[in-house]
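# Summary of the model geometry
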Amino acid sequence: MAQAIEKITLSVGRDIPFNKLILSEQNVRRVKAGVSIEDLAEDIARRGLLTSLNVRAQVDDGGNETGFYRIPAGGRRYRALELLVSRKRLAKTAGIPCIISSGETPEAEDSLAENVQRVDLHPLDQYRAFQTLREQGIGEEEIAARFFVSAATVRQRLRLASVSPRLLELYANEDMKLELVMAFSITNDHARQEQVWDTISRQQLREPYYIRRLLTETTVRASDRRSVYVGIDAYEAAGGVVMRDLFEQDNGGWLQDPALLEQLALEKLTADAEALKAAEGWKWVEAALDFPYGHTAGLRRFYGHQAEMTGQEIARYGALKTEYDELDATYGEAEEPCEATEHRLEEVGRELDRFNDRPYVFDSQDVARGGVFVSLDTGGELRIERGFVRPEDEPQPETVETDALIFRSDVARDVTGSSSTGGVSIGGRAVDDQAEEEDDVIRPLSDRLVVDLTAIRTVALRNALANNPAVAFIAVLHAFVLKTFYPYSSDTCLELTLQSARFGQSEGLGDTVWAKEIDQRQEAWGQDLPKAPDELWDFLITLDEVSRLALFAHCASLSLNVVIEPWNKRTRAVAHADQVARSIGFDMVSAGWAPTVDAYLGRVTKAHILQAVREATGEQSAHLIDHLKKADMAREAERLLAGSGWLPEPLRMAIAEASADSPGTAAGDVADNTGGDALPEAEASDLAAILGGKANIDETAAEPHEAVQEQKHLDAAE
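This is a predicted model, so every value here is computed, not measured.

About the cut-offs
- Residues numbered from 1 in each chain as written.
- Predicted model: local features only at pLDDT ≥ 70, side-chain atom pairs only at ≥ 80, totals over all residues.
- Heavy atoms only, no water.
- Helix = DSSP H or I, 4+ residues; strand = E, 2+ residues; numbered from the N terminus.
- Buried < 20%, exposed > 50% of the residue type's maximum accessible area, 1.4 Å probe, protein only.
- Contact = heavy atoms within 4.5 Å.
- Areas by Shrake-Rupley, 256 points an atom, 1.4 Å probe, with all protein chains shown as cover.
- Pairing = 2+ DSSP bridges.
- pLDDT = per-residue confidence, 0-100.
- Phe/Tyr/Trp six-rings, centres within 6.5 Å; stacked < 30°, edge-to-face > 60°.
- Axes fitted to C-alpha atoms, helices over the stretch in contact; angles between N-to-C directions.
- Left-handed = near helix turned anticlockwise from the far one by under 90°.
- Nonpolar A, V, L, I, M, F, W, Y, C, P; charged D, E, K, R; others polar.
- Patch = residues over 30% accessible without salt bridge, like charges linked within 9 Å, V, L, I, M, F, W, Y side chains within 5 Å.
- Salt bridge = Lys/Arg side-chain N within 4 Å of Asp/Glu carboxyl O.
- Expected span 1.5 Å × (residues − 1).
- Core = buried A, V, L, I, M, F, W, Y, C linked by side-chain atoms within 4.5 Å.

## Some words on the overall build of the chain
Looking only at helices and strands, the chain has 29 helices and 16 strands in total. For the chain, buried positions account for 29% of its 718 residues. Considering only contacts in the chain between residues 6 or more positions apart, those separated by 24 or more positions represent 69%. For the chain, the accessible area works out to roughly 45900 Å², and carbon and sulfur atoms hold 52% of it.

Here it is, written out as structure tokens:
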């Protein structure tokens, strides 16, 4: 016999006057969450009460109904109605739709069940509802206002329409997370979305950032210097499309047509270069998005001077400087920051900067033979390098002076002591045929005599210079500066060579922080040095010692070269560079180099990439990426190597072999992954003392021969 199914009876519903309702103390909601009470009240006022209140009859001690009803479920709706009543938008006796519970379960259980068993709307359903409203002609702002969400939230939900229906179906079936769907929404290309999904679904790496990276790998960031220079509006006006991400910070999005962007950038750069040439009158202007590092080598550079300020400008500058100093002092002493003072400080600071950044004025004759390089810096601003003269445009001297040929004594004479030029000699000295002429005419000295006399002067001056280290330093500095800043001048008696290698094949080298610092120093010294090379010596003599050392270091540093080429391994030079690096505590990690895709990982094989990850983070990390394609592997390796301090072999410094009496350093150690260390404290202090001229010789500690030799150098320098 079949068992009878128990029938259930639903609670009845009816309207109860608001003033007969009271909030139950058993309501489980205590924490405020979701839509505010005020917003809920506005929603009820707009479309009415969509969900009835759950109530129970209030009884007295005798079990008789009092006519009042408690609300265990629906407390937020009750408070919203209460707010409407208090604002007289709803009558106290207005009927409120209620479900009257029979009371067979505890009130707290009813309150908990109503909140726990309620399921939030799926984002995909919310998107479809928003889409329906928009199709009915309701705008995004209006939708946001009606449902008390931000307009950005509405736009984000509507953006899901750009995702392939196939992927949305996967999301609806919980086979894909919302974060992944949001990542796919940055493009409207459904075919590309599905292609990327098919790629990542076969591997472990399923992260939103990875999806965005694959979808944007053929695009250009809006922060790219070309994008900034051209402008997004101009790019879109030319037919370009910008890909945007509404769910993450995209810094302006991605430009999908790199060829169009490149064309627009070159056209604008060419126009700007032509305008600059016409406005300033330069003989030539070269324009390119980027020039190789060292492109100005072999060209003489001249510098302009800032226009003098008028008396009125000087007075204005002084008043602004005084005001700025007073405001800065007041702001520093204040206990709390003052917004008005900050604003005024910024205004005065900007006006002072305009005075300090006055344009440079160039000599018209120099401009007529000189030129300019125009390119883009990393921020998308024009980089204008003015004042370069090509060798063929150099002014030709009216007369050509021939330098005298100086023979060293050991070359000018042969082993017998006779003159190497032949002819008659007495006591090893050549007899001048003209010396026998006895007349009153003063004839020019013979070439041979001039050679001999100037050779004697050379030797004597060498000796004197060796005994005056300070002037010797200035003489070398003079030769260095001539070579560095006056490439076509030979106004020096020192036969020194200062070469500076060019690195035209290394892209992006000029944009590194190190190259920029070098360029800034070169520019600063170029502005300070005299225009004419024959004025340089007097300038260096009057220069203070600290500035001399700084200028010497700048010029000397430009000759440093440890580039390893296929035909020149330069083993000894590299070893010396390691010594220099250790002496100044230098290594590439602390200098800021990192193994990025552009700097290293994108230019080596997959085996090299895996080796780098293996050395830096271990075999397990290498295994995580060994199945990826080359481009993806390089990007993931960059992330894994970030902050590890790993360096490729050419950037590492060799560790000096331990001496026989210096235990602690293994002779087999050949490389240090993170570069070189500074000298030990004692050794560094000794080196500083020697360079500063403060070293003392400990004759009891030094070997006798070494002490004697060192003393000779000191005596010669006195």
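Still to come is the rest of the account.
## Considerations on the pairing of strand β14 (residues 382–389)
Here strand β10 (residues 300–301) pairs with β14 via two bridges, running antiparallel. When the bridges of β14 are listed, Arg301 appears paired with Phe388. Bridge analysis of strand β13 (residues 371–376) against β14 gives six bridges, and the strand direction is antiparallel. In the sheet register, Gly371 faces β14, and the bridge partner there is Phe388. Connecting β13 to the next strand, β14, in antiparallel fashion are five residues, including Gly380 with a positive phi near 85°.

## Describing the sheet that holds strand β7 (residues 242–243)
Taken in spatial order, the three strands make up an open sheet running β6-β8-β7, and their pairing is antiparallel. Because the sheet does not close on itself, it has two edges, and the strands there are β6 (220–221) and β7. Summarising the sheet, β7 and strand β8 (residues 254–255) pair through two bridges and their orientation is antiparallel. What sits directly across from Val242, in β8, is Leu255.

## Some remarks on the confidence of the model for the chain
Across the chain, pLDDT averages 75, with 75% of residues at or above 70. Here residues 399–437 is modelled with pLDDT under 50, and outside its nearest four sequence neighbours on either side it reaches 29 contacts, counting other chains as well. The low-confidence segment residues 656–718, where pLDDT is below 50, has 53 contacts with residues more than four positions distant or belonging to other chains.

## Section: the packing of aromatic side chains
The final tally for this structure, using the stated rule, is twelve aromatic pairs. Pairing Phe18 with Tyr78 gives two aromatic rings, centres 5.3 Å apart and planes at 20°, and the pair type is stacked. On the criterion of sequence distance, the pair formed by Phe18 in the loop between β1 (13–17) and β2 (21–23) and Tyr78 in helix α2 (residues 75–86) is long-range, its members being 60 residues apart. Residues Phe18 and Tyr78 agree in their burial class; the two are buried. Between Trp284 and Phe373, the ring centres sit 5.3 Å apart and the planes meet at 70°, which makes this aromatic pair edge-to-face. Taken together, the residues Trp284 in strand β9 (residues 284–287) and Phe373 in strand β13 connect sequence positions 89 residues apart. Accessibility assignment for this pair places Trp284 and Phe373 in one class, buried. An aromatic cluster is built from Trp284, Phe291, Phe373 and Phe388, whose rings are joined through pairwise contacts.

## Quick notes on the packing of helix α14 (residues 311–333) against helix α15 (residues 339–356)
At a minimum axis distance of 10 Å, the contact between α14 and α15 shows a crossing angle of 145°. α15 is crossed by α14, and the crossing has left-handed handedness. Across the interface between the two elements, Glu313, Arg316, Tyr317, Leu320, Lys321, Glu323, Tyr324, Leu327, Asp328 and Tyr331 from α14 touch Thr341, Glu342, Arg344, Leu345, Val348, Gly349, Glu351, Leu352, Phe355 and Asn356 from α15. Here the residues of the contact of α14 with α15 are counted per class, giving nine nonpolar, three polar and eight charged.

## Considerations on a nonpolar patch on the surface
Side chains of Leu560, Val562, Val580, Ile584 and Phe586 sit close together on the surface and give an oily, nonpolar patch of about 430 Å² of accessible area. Tracing the backbone shows Leu560 in the loop between α22 (545–557) and α23 (571–583).

## Here we look at helix α19 (residues 469–485)
With 17 residues, α19 extends 24 Å between its outermost C-alpha atoms, agreeing within 8% with the 24 Å of an ideal straight helix rising 1.5 Å per residue. For α19, the set of buried residues is Ile474, Ala475, Leu477, His478, Ala479, Phe480, Val481, Leu482, Thr484 and Phe485. As for α19, its buried residues are in contact with β10, α20 (513–528), α21 (536–542) and α22.

## Details of the nonpolar core
In terms of nonpolar packing, the biggest core is built from 41 residues, with Met176, Phe184, Trp197, Ile200 and Ile211 touching the most fellow members. Of all the secondary-structure elements, those providing two or more residues to this core are α4 (123–135), α7 (165–172), α8 (178–184), α9 (190–200), α10 (208–215), α25 (606–617), α26 (619–625) and α27 (630–641). Once residues lying within four places of it in the same chain are set aside, the contact partners of Phe184 are Val163, Leu167, Met176, Gln193, Val196, Trp197, Ile200, Ile211 and Leu215. Counting residues in hydrophobic clusters, the runner-up holds 23 residues, among them Leu260, Ala265, Leu269 and Leu289.

## A few points about unusual backbone geometry
Unlike most non-glycine residues, Lys88 shows phi in positive territory, near 60°. Assessed through its relative accessible area of 76%, Lys88 is described here as exposed.

## Structural notes on the sheet that holds β9
Read from one edge to the other, the open sheet built from four strands follows the order β9-β13-β14-β10, with strand pairing classed as mixed. Pairing within the sheet leaves two strands with one partner each, and these edge strands are β9 and β10.

## Concerning the pattern of salt bridges
Enumeration over the complete set of coordinates arrives at 23 salt bridges. Across the pair Arg226 and Asp224 runs a salt bridge, and its minimum N-O distance is 2.9 Å. What makes Asp224 partly exposed here is its relative accessible area of 22%. For the salt bridge of Lys283 with Asp393, the shortest nitrogen-to-oxygen distance reads 2.5 Å. Of this pair, Lys283 sits in the loop between α13 (258–280) and β9 while Asp393 is found in the loop between β14 and α17 (409–412), placing the two residues 110 residues apart along the sequence. Look at Lys283 and you get partly exposed, because its relative accessible area is 43%.

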